[in-house]
Amino acid sequence: GAVVSQHPSWVICKSGTSVKIECRSLDFQATTMFWYRQFPKQSLMLMATSNEGSKATYEQGVEKDKFLINHASLTLSTLTVTSAHPEDSSFYICSASTGAPGQPQHFGDGTRLSIL
Amino acid sequence: RKEVEQDPGPFNVPEGATVAFNCTYSNSASQSFFWYRQDCRKEPKLLMSVYSSGNEDGRFTAQLNRASQYISLLIRDSKLSDSATYLCVVNWRGSNTGKLIFGQGTTLQVKP
């Protein structure tokens, strides 16, 4: 089945550090990738939709200058949390889709980010 | 009103029990529907897609009622390994970009 790899799986760093998370589709070309955030005991919240070769579309309330997304190829999207603060601590998950209508998304393993 | 609503539970059932989860969605133009399973501190994994005619995969049966905007998941003969959070997921407004809206999840705990 479709495989999406996300790296790193766990990050602990000091406040003010920028953190980059990679999302790769390993066996299919992902025209669209999605970045989610999940706080404890809450559902996944979509942060942004990333399309290969174009600017990401951010959901309302998500700061595009804080969460930089780059989707430079059909198999790789990156999310950079710039100048991270403790309130950015969360579980970040990417998913990828071929873009075909009705097809499910396949999720990466997630990145648990802890900002001290 | 939330776009996708689920009873958060938790549902505590004994092994072998049959359990049903319900989900409602607000946007009648939604086109695609899924059930995902999420284990604690893990990413969601696709359990099954949901089709208008209803579909079954082993012990799992999913049904969709478009008129009522209602989705269900039935688990028969529950196993301990079924303990997880089950997420009802809807393709937002039938968008071809695949944007998904997640319910808050229903937690299932199967006990020996």
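Structural data are supplied above this passage.
Residues numbered from 1 in each chain as written. Chains lettered and ligands numbered in written order. Predicted model: local features only at pLDDT ≥ 70, side-chain atom pairs only at ≥ 80, totals over all residues. Heavy atoms only, no water.

Visitor: Could you give an account of the pattern of salt bridges, with specific residues and numbers?
Guide: Residues and elements named next belong to chain B. In this structure the tally under the stated criterion is 7 salt bridges over all chains. Between R37 and D39 there is a salt bridge, and its shortest N-O distance comes to 2.9 Å. Between D77 and K79 there is a salt bridge, and its shortest N-O distance comes to 2.9 Å. You can call D77 partly exposed: its relative accessible area is 36%. (Salt bridge = Lys/Arg side-chain N within 4 Å of Asp/Glu carboxyl O. Buried < 20%, exposed > 50% of the residue type's maximum accessible area, 1.4 Å probe, protein only.)

Visitor: Explain the state of the cysteines to me, and be specific about the residues and the numbers.
Guide: All chains considered together, the criterion is met by 2 disulfides over all chains. With a sulfur-sulfur separation of 2.0 Å, C23 of chain A is cross-linked through a disulfide to C94 of chain A. Residues C23 of chain A and C94 of chain A are joined through a disulfide that is right-handed, its torsion about the S-S bond being 80°. On the criterion of sequence distance, the pair formed by C23 of chain A in strand 3 (residues 19-25) and C94 of chain A in strand 9 (residues 90-97) is long-range, its members being 71 residues apart. Per residue, the accessibility class of C23 of chain A equals that of C94 of chain A, and both read buried. Covalently, C23 of chain B is tied to C88 of chain B through a disulfide, its sulfur atoms 2.0 Å apart. Disulfide C23 of chain B-C88 of chain B: the torsion about the S-S bond is -75°, which places it as left-handed. Taken as a pair, C23 of chain B in strand 3 (residues 19-25) and C88 of chain B in strand 9 (residues 84-91) lie far apart in primary sequence, 65 residues in all. (Disulfide = S-S within 2.5 Å. Helix = DSSP H or I, 4+ residues; strand = E, 2+ residues; numbered from the N terminus.)

Visitor: Mind laying out the interface of chain B and chain A, listing which residues take part and the relevant values?
Guide: Contact residues are listed per partner, giving 18 residues for chain B and 22 residues for chain A. Where chain B abuts chain A, roughly 1600 Å² becomes buried across the two surfaces, and 54% of that area is made up of carbon and sulfur atoms. Our enumeration of links across chain B and chain A arrives at 0 salt bridges. The set of elements that each furnish at least two residues to the side of chain B that touches chain A consists of strand 4 (33-38), strand 5 (44-50) and strand 10 (100-102) of chain B. Tallying contributions element by element places strand 4 of chain B first for the side of chain B that touches chain A, with 3 residues. Looking at side-chain class alone, the side of chain B that touches chain A contains 7 nonpolar, 7 polar and 4 charged residues. (Contact = heavy atoms within 4.5 Å. Buried area = accessible area lost by both parts, 1.4 Å probe. Nonpolar A, V, L, I, M, F, W, Y, C, P; charged D, E, K, R; others polar.)

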